[in-house]
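Chain residues, written in single-letter form:
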Amino acid sequence: MDTAIRPDVVIIGSGVGGGTVARQLAGTGARILIVERGDFLPQEPENSDAEAVFVQARYKTREEYQDRNGRRYRPGQYYFVGGHTKFYGTAMFRFRESDFRAVDHEDGVSPAWPVSYADMEPWYGEAERLFGVRGQAGLDPTEPFRSAAYDHAAIAHEPVIADMAEKLRADGLRPFHMPSAVDFGPGGLCRRCGACDAFACRYGAKGDGETRLIRPILKHPDVTLWTKAQVMRLLPGADGRIEAAEIRREGQMIRVEAPLFVLSAGAINSALILLRSAGETCPDGLANRSGVVGRYLMNHHLTGLMGLMPLRVNDTKFPKTLSVNDFYHGLPGDGAARGNVQMLGNIQGPMIRAAYSWVPRPLANLLGRHSVDWLCMSEDLPNALSRVRLLANDQVEIDYRPGDRPAHDRFVRHVKARLGRIFPLVLRHDFGIEAPSHQCGTVRMGDDPATSALDGLCRAHDHRNLHVVDASFFPSSAALNPALTVCAQALRVGNHLRTAWRNDDLAA
């Protein structure tokens, strides 16, 4: 074990945020240490085995959190190189222009970001190229301005999904091809194995943080990756700059010093590291002069809808090619009820039994084979009482208080009724905080240090050499999958840091 390493940059986490910043800095001459809590996820048959993934929870962490009532549960956290993108559904949406502005909701206000869509637009394009996103511009009725088309054509609908698209159009809606990060097409790695959304890809075809960010830069001599190494806390100096990280690796506690630190451990764990780093000079935790660290936890409202087809088997291998944004800015006559609709990966029997253990195996398998599965996503509002707490003995409490839930319920009821024109029966399942449902917001960015932890380049107001680059920086959650926005902002931050490095002032 190399304990004498002297990096210029320590990047904590190898997901979309940390991996993208590392990619931007690789090749500059900066010595980069990436610290990943987990290991490389093994490529094995269980990757695509629903029984292993959902019933046995083979890849999910064994740590426990508790809610504010003391109920303990295993959270949907996955610690592997590449982060949660190892299991995501490949959806790569740009946020809408309005998502960066203040928007009134039923339960409150979704605050403005310190950056605009115009600031992000070129980086969105770069992020799409980096992840090999496949899509088709011009069909989404809410699509924001684009300076260039997608580099890769959209993935074509399979027959059942194409039939869904036609039925939705006949009902007056405007379905479009979901932008997806999959190495699909001639010469591509995708085999349409039928296990993508919520599964790890056995073939390396999914555009995830490992395949698109980490592995390509490991060839650089100045890039070092430590796996199975957990950053416990960061240590500030008297001048407020972060001096070192304490890292637990191979049973030892190691102190690693560096001029620059990038924290990208995810919305829960980045907040926990900052809170755990409390000391004499920062009694409430690092970057927390404003008191916002660990607060404003958001988690998209997600509801699954299962449309049953008793007389037809859904043999679709890759269903996540279809999305609907007709209701993104509100329902007719109910502007507060709003959100995105997209396909879920095909629900299989073991997935049903993992959530509803009382369902007999034959019935669960039958429902899975004869259904088309949809996801309704609405924005969650930031609430200062919705928070991550660090308790005694390093225990974690998630006190989650969702906002705008009644509006989401009305949105789901409307979508369910529309799908009822296609299917004889539509079943509903709500996902809660236990799932990794796009958690964000716990180290929010903003222009005012009194109400935010980070500036518009994700640098801590209180610590000039600390950037926090993962979904924790979100001031609001929008109602679309967050991965592309995290990548685009990480490209912005990484570009700034690369320029600073070349000017010999990495922590400027």
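Just above, that's the structure.
Here we summarise the structure given alongside this text. Remember, it's a predicted structure, so these values are computed and weren't measured experimentally.

**Thoughts on the side chain of E121**
Point 1. In this fold, E121 is placed in helix α3 (residues 117-131).
Point 2. E121 sits in the buried class, given a relative accessible area of 5%.
Point 3. At a separation of 3.0 Å, a polar atom in the side chain of E121 contacts the side chain of R94.
Point 4. Residues contacting E121, with those up to four places away along its chain left out, are R94, F145, R146 and S147.

**Overview of the packing of aromatic side chains**
Point 1. A complete count under the given rule lists 19 aromatic pairs for this structure.
Point 2. On the numbers, 6.5 Å between centres and 70° between planes, the contact of W374 with F423 is edge-to-face. Residue W374 is located in strand β18 (residues 371-378), and its partner F423 is located in the loop between α9 (405-419) and β21 (425-431); the two are separated by 49 residues in the primary sequence.
Point 3. Owing to a relative accessible area of 4%, F423 belongs among the buried residues under this scheme.

**Looking at empty space enclosed by the protein**
Point 1. By the definition in use, this model includes seven cavities of 30 Å³ or more.
Point 2. Roughly 120 Å³ of volume is contained in the largest cavity.
Point 3. Looking at the lining of the largest cavity residue by residue, the class counts come to nine nonpolar, one polar and four charged.
Point 4. A volume near 100 Å³ is recorded for the second largest cavity.
Point 5. Around the second largest cavity sit 13 residues that line it, and R96, D140, E143, Y150 and P179 are the ones nearest its centre.
Point 6. A breakdown of the residues in the lining of the second largest cavity according to their chemical character gives six nonpolar, two polar and five charged.

**Quick word on the sheet that holds strand β15 (residues 301-308)**
Point 1. The sheet built from six strands is open, its strands ordered β8-β16-β17-β18-β15-β21 with antiparallel pairing. Of all the strands in the sheet, the pair left with one neighbour each is β8 (176-177) and β21.
Point 2. Note that β15 and β18 share eight bridges and pair antiparallel. For M306, the partnering residue across the bridge sits in β18 and is D373.

**Some thoughts on the environment of D104**
Point 1. Inspection of the secondary structure assignment puts D104 in strand β5 (residues 103-104).
Point 2. Residue classification places D104 among the exposed residues on the basis of a relative accessible area of 59%.
Point 3. In this structure the C-alpha to C-alpha distance between D104 and A336, which are 232 residues apart in sequence, comes to 8.6 Å.
Point 4. Dropping the residues within four chain positions of it, D104 is found in contact with V109 and R338.

**Some remarks on the layout of surface pockets**
Point 1. A volume near 230 Å³ is recorded for the second largest pocket.
Point 2. As for the second largest pocket, its lining consists of 14 residues, and the residues nearest its centre are N314, T316, N346, Q348 and G368.

**Observations concerning the packing of helix α1 (residues 16-25) against helix α5 (residues 209-217)**
Point 1. Orientation of α1 relative to α5, taken along the N-to-C sense of each, is 40°, at an axis distance of 9 Å. Relative to α5, the element α1 lies oblique. Between α1 and α5 lies a crossing of left-handed hand. Of α5, the residues touching α1 (which contributes V16, G19, T20, A22 and R23) are L213, I214 and I217.
Point 2. Taken together, the residues of the contact of α1 with α5 sort by class into five nonpolar, two polar and one charged.

**A short note on the sheet that holds strand β4 (residues 72-73)**
Point 1. Reading across the sheet, the four strands line up as β4-β3-β20-β19 and stay open at both edges, with mixed pairing between neighbours. One side of each edge strand has no neighbouring strand; the edge strands of this open sheet are β4 and β19 (387-390).
Point 2. Inspection of the sheet shows β19 paired to strand β20 (residues 396-399) by four bridges, in the antiparallel sense. Note on β20: the bridge partner recorded for R387 is D399.
Point 3. Of the strands in this sheet, β3 (65-67), β19 and β20 touch helix α6 (residues 267-276), which is tilted by about 45° from β19.

**Brief notes about the pattern of salt bridges**
Point 1. According to the stated counting rule, one finds 42 salt bridges in the structure shown.
Point 2. A salt bridge links R418 to D171; the shortest N-O distance between them is 2.7 Å. With a gap of 247 residues between them, R418 in helix α9 and D171 in the loop between α4 (159-170) and β8 connect regions that are remote in the sequence.
Point 3. A relative accessible area of 15% means that R418 is categorised as buried.
Point 4. Between D455 and R459 there is a salt bridge, and its shortest N-O distance comes to 3.9 Å.
Point 5. A single network of salt bridges, built from pairs that share partners, joins R68, R389, E397, D399 and R401.

**Structural notes on the pairing of strand β17 (residues 340-343)**
Point 1. Residues N340 and Q342 line one face of β17 and the alternating positions V341 and M343 line the opposite face, and both faces are buried.
Point 2. As judged from the two bridges shared by strand β16 (residues 322-324) and β17, these two strands associate in the antiparallel manner. Within β17, the position partnered with V324 by the bridge is V341.
Point 3. Sheet analysis places β17 next to β18, joined by four bridges and oriented antiparallel. Counterpart to V341 in the pairing with β18 is C376.

Definitions and cut-offs
Residues numbered from 1 in each chain as written. Predicted model: local features only at pLDDT ≥ 70, side-chain atom pairs only at ≥ 80, totals over all residues. Heavy atoms only, no water. Helix = DSSP H or I, 4+ residues; strand = E, 2+ residues; numbered from the N terminus. Buried < 20%, exposed > 50% of the residue type's maximum accessible area, 1.4 Å probe, protein only. Polar contact = N/O pair within 3.5 Å; in protein donor to acceptor, adjacent residues only side chain to side chain. Contact = heavy atoms within 4.5 Å. Phe/Tyr/Trp six-rings, centres within 6.5 Å; stacked < 30°, edge-to-face > 60°. 1 Å grid on protein atoms, 1.4 Å probe; cavity = no way out; pocket = protein on both sides within 12 Å on 5 of 7 lines; lining within 4 Å. Points joined across faces, edges and corners; volume = space filled by probe spheres on them. Nonpolar A, V, L, I, M, F, W, Y, C, P; charged D, E, K, R; others polar. Pairing = 2+ DSSP bridges. Axes fitted to C-alpha atoms, helices over the stretch in contact; angles between N-to-C directions. Parallel < 35°, antiparallel > 145°, perpendicular 65-115°, else oblique. Left-handed = near helix turned anticlockwise from the far one by under 90°. Salt bridge = Lys/Arg side-chain N within 4 Å of Asp/Glu carboxyl O.

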